[in-house]
Amino acid sequence: MSRFMERAGGRLHYRIDGNEQAPWLTLSNSLGTDLGMWEPQMVALQKHFRVLRYDTRGHGRSALPPSPCTIGELAQDVVDLLDHVGVAQTHFCGLSLGGMTGMALATRFPERVARLALCNTSSFMGPASAWDTRIALVREGGTAAVTEAVIGRWFTPGFQTAAPGKIAVVRKMLLNTSAAGYAACCAAIRDMDQRESIKAIGNVTLVIVGTHDPATPPQDGKLIAQAIAGAKLVELDAAHLSNWEQVEAFTQNLADFLLQ
């Protein structure tokens, strides 16, 4: 059931599923999607966890506050949501932008995170000019101006051919994302550099990469795993949205890690 956290900067949309007695798991979506991006995992995860999903600010049904959108602010949104729901500590899994949020969360609020899963993500994504170009495109033509290029980066050609229905679901999420929300989060990624700060993360961490991911290449994830002491690295035969392209392998690796 959809719920909303009301705040001065605008509402944040979230939902809770799963066993009320189970450990908490918070899931954070990628740029250009909403909490629906975790549907491939939900049947399995809600058997073991009390799952909290939310739409990142400016995405889905969450508002875009007037304050600057930074990765630090996105991490603060998670803390505000946990406080609102009454969750002292949670496992956290984020993909792409959600993973960037997770790194900032574990850096700034380590006591709020139990185990941390960082999927198809990066601690730094340059050059800034590429993000400025994308922001300009979206501001002029909406997310439709970048959707097909994004789909091309997010999925391998073989998966696009084999699963057109699933591609259509993700395409709809992209097209439904507000231009202002998408552009604001592009700016947050553009201005992010967590390469040094993540070395302080002490939470038990899993890093998932996709062999064919051009958006956040495997090397980006490997550098994260090297920076975080004791981090476990898993590589899947997928592009960027590995949780869609390799549903069973992604879900099994995530669940096994969180249930240890």
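The structure this text deals with has already been given above.
Attention in this report is confined to the structure presented alongside it.

## Let's talk about the overall build of the protein
And then number 1: Per the secondary structure count, the protein includes eleven helices and eight strands.
And then number 2: Taking 2.2 N^0.38 as the reference for a compact globule, 260 residues should give roughly 18 Å; the C-alpha atoms of the protein span a radius of gyration of 17 Å, in line with that estimate.
And then number 3: Sequence separation of at least 24 residues holds for 75% of the intrachain contacts in the protein that already meet a minimum separation of 6.
And then number 4: With the model as given, the accessible surface of the protein reaches about 10,300 Å², and the carbon-plus-sulfur share is 52%.
And then number 5: Between the centroid of the 23 positive side chains of the protein and the centroid of its 24 negative side chains there is a distance of 2 Å.

## Focus: the packing of aromatic side chains
And then number 1: By the definition in use, this model includes two aromatic pairs.
And then number 2: Ring centres 6.3 Å apart and planes at 40° place the aromatic pair Trp-38 and Phe-250 in the tilted group. On the criterion of sequence distance, the pair formed by Trp-38 in the loop between strand 3 (24-28) and helix 1 (39-45) and Phe-250 in helix 11 (residues 247-258) is long-range, its members being 212 residues apart. When sorted by exposure, Trp-38 lands in the same class as Phe-250, which is buried.
And then number 3: Plain terms: the ring middles of Phe-155 and Phe-159 are 5.4 Å apart, the flat faces sit at 25° to each other, and that makes the pair stacked.
And then number 4: Of note, Arg-115 hangs over the ring of Phe-257, and the distance from its end group to the ring centre comes to 5.1 Å.

## Comments concerning the pairing of strand 4 (residues 50-54)
And then number 1: Of all five residues in strand 4, five are buried, a share of seventy percent or more.
And then number 2: Burial of strand 4 is two-sided: the residues Arg-50, Leu-52 and Tyr-54 facing one way and the residues Val-51 and Arg-53 facing the other way are all buried.
And then number 3: Bridge count for strand 3 against strand 4 is five bridges, and the pairing is parallel. Of the residues in strand 4, the one forming a bridge with Thr-26 is Leu-52.

## Structural notes on unusual backbone geometry
And then number 1: Pro-127 follows Gly-126 through a cis peptide bond whose omega is -5°.
And then number 2: Topologically, Pro-127 is positioned in the loop between strand 6 (113-119) and helix 4 (128-141).
And then number 3: Although it is not a glycine, Ser-96 adopts a positive phi angle of roughly 60°.
And then number 4: Mapped onto the elements, Ser-96 comes out in the loop between strand 5 (90-95) and helix 3 (97-108).
And then number 5: The phi torsion at Asn-120 lies on the positive side, around 45°, for a residue other than glycine.

## As for the environment of Ser-62
And then number 1: For Ser-62, the location among the structural elements is in the loop between strand 4 and helix 2 (71-85).
And then number 2: Classification of Ser-62 by relative accessible area gives buried; the value is 7%.
And then number 3: For Ser-62, the residues in contact, after removing those within four places along its chain, are Arg-11, Leu-12, His-13, Asp-55, Thr-56 and Arg-57.
And then number 4: In this structure the side chain of Ser-62 is engaged in a polar contact, spanning 2.8 Å, whose partner is the backbone nitrogen of His-13.

## As for helix 2
And then number 1: Here helix 2 contains 15 residues, and its C-alpha end-to-end distance of 21 Å stays within 8% of the 21 Å for a straight helix at 1.5 Å per residue.
And then number 2: The complete set of buried residues in helix 2 reads Ile-71, Gly-72, Leu-74, Ala-75, Asp-77, Val-78, Val-79, Leu-81 and Leu-82.
And then number 3: Just past helix 2, the residue Gly-86 takes up positive phi, approximately 90°.

## Some thoughts on the packing of helix 4 against helix 8 (residues 179-190)
And then number 1: Where helix 4 contacts helix 8, the axes come no closer than 9 Å and their chain directions differ by 175°. With respect to helix 8, the element helix 4 is oriented roughly antiparallel. Residues Ala-128, Trp-131, Asp-132, Arg-134, Ile-135, Val-138 and Arg-139 of helix 4 lie in contact with helix 8, whose contacting residues are Ala-179, Tyr-182, Ala-183, Cys-186, Ala-187, Ile-189 and Arg-190.
And then number 2: In terms of residue class, the contact of helix 4 with helix 8 is built from ten nonpolar, no polar and four charged.

## A look at the packing of helix 2 against helix 3
Packed helix pairs are characterised by how far apart their axes lie and by the angle those axes make with each other.
And then number 1: Contact geometry for helix 2 and helix 3: axes closest at 8 Å, N-to-C directions at 75°. One way to sum up the angle between helix 2 and helix 3 is to call them roughly perpendicular. Touching Ile-71, Gly-72, Leu-74, Ala-75, Val-78 and Val-79 of helix 2 are Leu-97, Met-100, Thr-101, Ala-104, Leu-105 and Arg-108, all from helix 3.
And then number 2: For the contact of helix 2 with helix 3, a count of residues per class yields nine nonpolar, two polar and one charged.

Cut-offs and rules
- Per chain, the residues get numbers from 1 upward, laid out in the order the sequence is written.
- Where local features are concerned, this predicted model is filtered to residues with pLDDT of at least 70; where side-chain atom pairs are given and counted, the filter is 80 or more; whole-chain, interface and lining totals use all residues.
- The basis for every side-chain value is the complete set of non-hydrogen atoms in the structure, without hydrogens or water.
- Each helix is a run of H or I in the DSSP string that is no shorter than four residues. Each strand is a run of E no shorter than two, and both are numbered from the N terminus.
- The globule rule used here is 2.2 Å times the number of residues to the 0.38 power, and the radius of gyration it is set against is calculated over C-alpha atoms.
- We call two residues contacting when some pair of their heavy atoms lies within 4.5 Å.
- The Shrake-Rupley method, run with a 1.4 Å probe, gives the accessible areas here. Residue values count only the displayed protein chains as cover.
- Positive charges are assigned to Lys and Arg, negative charges to Asp and Glu, while His and the chain termini are left out of the count.
- The atoms used to mark charge sites are NZ of Lys, CZ of Arg, CG of Asp and CD of Glu.
- Aromatic pairing here means that ring centres of Phe, Tyr or Trp (its six-membered ring) are within 6.5 Å. Orientation follows from the plane angle: under 30 degrees is stacked, over 60 is edge-to-face, and everything else is tilted.
- Only protein chains enter the accessibility calculation, which uses a 1.4 Å probe; a residue is then buried when its area is under 20% of its type maximum, exposed when over 50%, and partly exposed in between.
- We call a charge positioned over a ring when the NZ of a Lys or the CZ of an Arg lies within 6 Å of the ring centre and within 35 degrees of the ring normal.
- Strands qualify as paired when DSSP identifies two bridges or more between them.
- Here a polar contact is recorded for every N or O atom pair within 3.5 Å, except that within protein the pair must consist of a potential hydrogen donor and a potential acceptor, and residues adjacent in sequence are included only if both atoms are side-chain atoms.
- To estimate the expected span of a helix, count its residues, drop one, and scale the result by 1.5 Å.
- Between the N-to-C directions of two axes lies an angle of 0 to 180 degrees, each axis being a line fitted to C-alpha atoms and, for a helix, fitted only over the stretch in contact.
- Each angle is binned into one of four classes, with values under 35 degrees roughly parallel, values over 145 roughly antiparallel, values of 65 to 115 roughly perpendicular, and all other values oblique.
- Gly is placed with the polar residues, together with every amino acid not listed as nonpolar (Ala, Val, Leu, Ile, Met, Phe, Trp, Tyr, Cys and Pro) or charged (Asp, Glu, Lys and Arg).

No statement about biological role is implied by the geometric values presented.
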